Amino acid sequence: MSAATVLDWGLGLAQGMLVLAMALAAWRMLRGPRAQDRILGLDTLYLNGMLAIVVHGMRTGSGLYFEAALILGMIGFTATVALAKFLMQGEVIR
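Calculation rules
Sequence order as written defines the numbering, with residues in each chain counted from 1. Reporting of local features is limited, given that this is a predicted model, to residues whose pLDDT is at least 70; pairs of side-chain atoms are given and counted only at 80 or more, and all residues count toward the totals for whole chains, interfaces and linings. Side-chain measures were taken over the full set of non-hydrogen atoms in the model, leaving aside hydrogen atoms and water. Elements are defined by DSSP. Helices are runs of H or I of four residues or more, strands are runs of E of two residues or more, and each kind is numbered from the N terminus. For a compact globule the rule gives 2.2 Å times the number of residues to the power 0.38, and the radius of gyration it is set against comes from C-alpha atoms. Exposure is judged per residue with a 1.4 Å probe applied to protein chains only, and the accessible area is read against the type maximum: over 50% gives exposed, under 20% gives buried, and values in between give partly exposed. Here, a salt bridge means any side-chain nitrogen of Lys or Arg that lies within 4 Å of a carboxyl oxygen of Asp or Glu. UniProt positions are given in the numbering used here, feature names are shortened, and annotations may be inferred rather than shown by experiment.

Enquirer: I'm lost on the overall build of the protein chain in this one. Help?
Expert: Scanning the protein chain for helices and strands turns up three helices and zero strands. Here the C-alpha atoms of the protein chain give a radius of gyration of 16 Å, more than 25% beyond the 12 Å that 2.2 N^0.38 yields for 94 residues. Overall, the protein chain is about 55 × 25 × 15 Å in size when its C-alpha atoms are taken along their principal axes. Evaluated residue by residue, the protein chain yields a buried proportion of 20% over its 94 residues.

Dropping the structure here:
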């Protein structure tokens, strides 16, 4: 068994696990029960999505996916901070 075969199997397994994690995060985001749980589910969902994009980029060998994952990470972090601030203070911009 060559190293490329092991890497391909490992990346395929990682993609499958990330899809499962995204499904569980989406379930938490939809079911709640509190707003904090929904925000945590959204945060986990974008993080797992970002990692799935990185793994896909590793599988295809294209650097474009890494840039897309970086942009998704910045947007997701900003959204999480804005939602947390909204829950704490009732408004985002003062």
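Now, onward.
Enquirer: For this particular structure, what's the right way to read the pattern of salt bridges?
Expert: Between side chains of opposite charge, pairing is possible as soon as their charged atoms come close. Counting across every chain of the model gives two salt bridges. A salt bridge links Arg-59 to Asp-8, with the shortest nitrogen-to-oxygen separation between them at 3.2 Å. Taken together, the residues span a long stretch of sequence, with Arg-59 in helix α2 (residues 35-60) and Asp-8 in helix α1 (residues 3-31) at a distance of 51 residues. The class for Arg-59 is partly exposed, based on a relative accessible area of 37%. In this structure Asp-8 comes out as partly exposed when scored by relative accessible area, which is 40%. For the salt bridge of Asp-37 with Arg-34, the shortest nitrogen-to-oxygen distance reads 3.6 Å.

Enquirer: How should I be thinking about the UniProt feature "transmembrane region" (unreviewed entry) in the protein chain in this particular structure?
Expert: Those places that UniProt annotates as "transmembrane region" (unreviewed entry) correspond, in this numbering, to residues 6-27, 39-58 and 64-88. Across residues 39-58 one finds 100% helix and 0% strand; the C-alpha atoms that close the span lie 29 Å apart.

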